[in-house]
Each structure stands twice: as C-alpha cells, then as structure tokens.
Amino acid sequence: MRFMAQFDLLSDVSSAGDEPEFEIVDPHGQYWIKIRKSFAAETEGLDKIRCNMEFEAPDLENSKDAFDAIIFKFLDILALTTHAVIKFDRVYKIFDWSPGLSMRRGLFYIYDPPVPEPAEFLGPGIAEATNILLWSEIDEKVLTALRWFRLGILEESLLAQFQSFWFALELLAQHKKSTAKV
C-alpha cells in the first residue's frame, strides 16, 4: 500500500527562501521525500523543515514502522551530504495514499501550526548530491559508518563528537582493509 506522511526535521541549516520545493527520490521507487519549506523553530535554536514523504508499507498499522526505517536511513545520507545537524522532529500524519480511493484512512500524531519565518540553505544542489548517493549501491558497513557520522554531528560534547567520527572512520577502514593473510 502507498502512504503519505507529513513530518518535520530540525536543522541548523534550511532551504533557500527563493528555491521552490524539491524532491529526493529513492532509486528503487519505494519512496520520495519532498522538502517543502523551512521555519524558525522555537526550540534548540534550530530551523524546522516541513517535509512530505510518499512510501510503501504493508498496512496502516505498520506504516509508522516503515516510515521510521526509511527516515533514519535518509537522515544518515543527508548528514553526509550537508555536514549539518539534521534530526527528525516529529510526524504529524500518515494517510493511505493508494490511488483511486474516495475515502482515505489515516493517523494523526500532533497538530502544530506553522511559524512563517523561512531561513535559507537547502536547495537543488544538496538534493542532487543526496540523490547521487541514494542511487549508488552502498554497503551495509558503509551505512553503519554514515550512521555514526550523523550521530557525531548531533553530539554537543566535542569528546563524544570525536568518538563518533572516529567510529565512522574505523568502520570505513575495516571495510576497505584487505582480508588476505600477510
């Protein structure tokens, strides 16, 4: 089944005010994410980025789990392409987006009216770089390294940030290390 989710990200970067909406597309057609607009967030000194995602899930009851699996892999890749703090804030709603329905079922998670103060950063260049990485076949070990890289960006302590980046480098080094006996 096809679903549509509306959600927010929190980031220390945001989309350019003069840029139209742009999309990031999964190479296997399982999802696409549309970056819609940015607002100044009231918490943490970060901007709120409003997004939509169309994705596949077996049913409405499991749609949030499918959403979570996709969003965190996407954030790992986006952290690499932006080198910025970008974290998941919350999902507002998920609706059955299957074609041909006259009545749609959905889940509402929270209501939060938008704060109309856009800031600028994300744009088609970042979307293009993210799409290139998503379309390439990335090994599971490299994805784990990307996850540590993203977690390092989110750390507030320099020591914890250094450790996360070091884990990412170690994982990549082990991945590239020859397995031949010396």
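For the structure, see preceding data.
Basis of the calculations
- Within each chain, residue numbers correspond to sequence positions counted from 1 in written order.
- With the structure being a predicted model, the display of local features is reserved for residues of pLDDT at least 70 and the display and counting of side-chain atom pairs for 80 or more, all residues being used for whole-chain, interface and lining totals.
- For side-chain calculations, the full set of non-hydrogen atoms in the structure is used, while hydrogens and water are omitted.
- Secondary structure elements are defined from DSSP: runs of H or I of at least 4 residues count as helices, runs of E of at least 2 residues count as strands, and each element is numbered from the N terminus.
- Contacts are assigned to residue pairs that have any heavy atoms within 4.5 Å of one another.
- The span expected for a helix works out to 1.5 Å for each residue beyond the first.
- The rule is simple: take the accessible area with a 1.4 Å probe, protein chains only, and divide by the maximum for that residue type; under 20% is buried, over 50% is exposed, in between is partly exposed.
- Throughout, the arc means the angular range of directions from the helix axis out to the C-beta atoms.
- N or O atoms within 3.5 Å of each other form a polar contact, as long as, within protein, one can give a hydrogen and the other can take it, and as long as residues adjacent in sequence are counted only when both atoms are side-chain atoms.
- The rule is short: rings of Phe, Tyr and Trp, with Trp giving its six-membered ring, pair when the centres are within 6.5 Å, and they are stacked under 30 degrees, edge-to-face over 60, tilted in between.
- Any two strands are treated as partners once DSSP identifies two or more bridges connecting them.
- Note on geometry: axes are lines fitted to C-alpha atoms, helical ones only across the stretch in contact, with angles between N-to-C directions running from 0 to 180 degrees.
- Oblique is the label for any angle not under 35 degrees, not over 145, and not in the 65 to 115 range, which are roughly parallel, roughly antiparallel and roughly perpendicular in turn.
- Each crossing gets its hand from how the near helix is turned against the far one by less than a right angle, where anticlockwise is left-handed and clockwise is right-handed.
- Following the grouping adopted for this structure description, the nonpolar residues are Ala, Val, Leu, Ile, Met, Phe, Trp, Tyr, Cys and Pro, the charged ones are Asp, Glu, Lys and Arg, and the polar ones are all others, Gly among them.
- Whenever a carboxyl oxygen of Asp or Glu lies within 4 Å of a side-chain nitrogen of Lys or Arg, that contact is scored as a salt bridge.

Q: Mind showing me how you'd approach unusual backbone geometry here?
A: Peptide bonds are trans in most cases, and residues, glycine excluded, mostly fall at negative phi. Of note in the backbone geometry, His83 takes a positive phi value of approximately 55° without being a glycine. If you trace the backbone, His83 turns up in the loop between helix H1 (63-82) and strand E5 (86-96).

Q: Looking at this structure, I do not really get the side chain of Thr130. What am I missing?
A: Relative to the helices and strands, Thr130 is located in helix H2 (residues 124-135). When sequence neighbours within four positions are dropped, the list of residues in contact with Thr130 reads Ile24, Phe74, Ile77, Leu78 and Thr81.

Q: What is the right way to read helix H4 (residues 158-176) from this model?
A: Along an α-helix, residues three or four apart share an orientation, since each turn contains 3.6 residues. Its 19 residues place the ends of H4 27 Å apart at the C-alpha level, agreeing with the 27 Å of an ideal helix rising 1.5 Å per residue. Here H4 has its buried residues at Ala160, Ser164 and Ala168. Buried residues along H4 cover an arc of 85° about the axis, so they all sit on one side. Opposite the buried face of H4, at more than 90 degrees from it, the exposed residues are Leu158, Leu159, Phe162, Leu169 and Lys176. Considering only its buried residues, H4 is in contact with helix H3 (140-154). Where H4 begins, the side chain of Ser157 points an oxygen toward the backbone nitrogen of Leu159, at a separation of 3.3 Å.

Q: Hey, could you run me through the packing of aromatic side chains in this one?
A: By convention here, two paired aromatic rings are described through the distance between centres and the angle between planes. Taken as a whole and assessed by the stated rule, the structure comprises 10 aromatic pairs. Arranged with centres 5.2 Å apart and planes meeting at 70°, the rings of Phe7 and Phe67 form a pair that is edge-to-face. Of this pair, Phe7 sits in strand E1 (residues 2-11) while Phe67 is found in helix H1, placing the two residues 60 residues apart along the sequence. As far as burial versus exposure is concerned, Phe7 and Phe67 are alike and both buried.

Q: When you look at the pairing of strand E4 (residues 47-56) in this model, what are you seeing that I'm missing?
A: Each regular strand carries side chains that alternate between the two faces of the sheet. The buried fraction of E4 amounts to nine of the 10 residues, a majority that puts the element mostly inside the structure. In this structure, E1 lies alongside E4, joined through 10 bridges in antiparallel fashion. Opposite Phe7, over in E4, you have Cys51 as the bridge partner.

Q: Can you walk me through the packing of H1 against H2 in this structure?
A: The description of two helices packed together rests on the angle between their axes and the distance between the axes. Put simply, H1 and H2 touch, their axes get as near as 9 Å, and they point 125° apart. Taken as axis vectors, H1 and H2 run oblique relative to one another. The handedness of the crossing between H1 and H2 is right-handed. Across from Phe74, Ile77, Leu78, Leu80, Thr81 and Thr82 in H1, the residues of H2 making contact are Ile126, Ala129, Thr130, Leu133 and Leu134. Split into classes, the residues belonging to the contact of H1 with H2 amount to eight nonpolar, three polar and no charged.

Q: I'm lost on the pattern of salt bridges in this one. Help?
A: Side chains that carry opposite charge are capable of pairing whenever their charged atoms lie near each other. Under the defined criterion, the tally for this structure stands at 10 salt bridges. As a salt-bridge pair, Lys34 and Glu23 come within 3.9 Å of each other at their nearest N and O atoms. Taken together, the residues Lys34 in strand E3 (residues 31-40) and Glu23 in strand E2 (residues 22-25) connect sequence positions 11 residues apart. Judged by its relative accessible area of 37%, Glu23 is partly exposed. Two residues, Lys64 and Asp68, come together in a salt bridge whose shortest N-O distance is 2.9 Å. Highlighted residues: Lys64 and Asp68, both in helix H1, separated by four residues, approximately one helical turn. The structure contains a network of salt bridges with shared partners spanning Arg2, Glu54 and Glu56.

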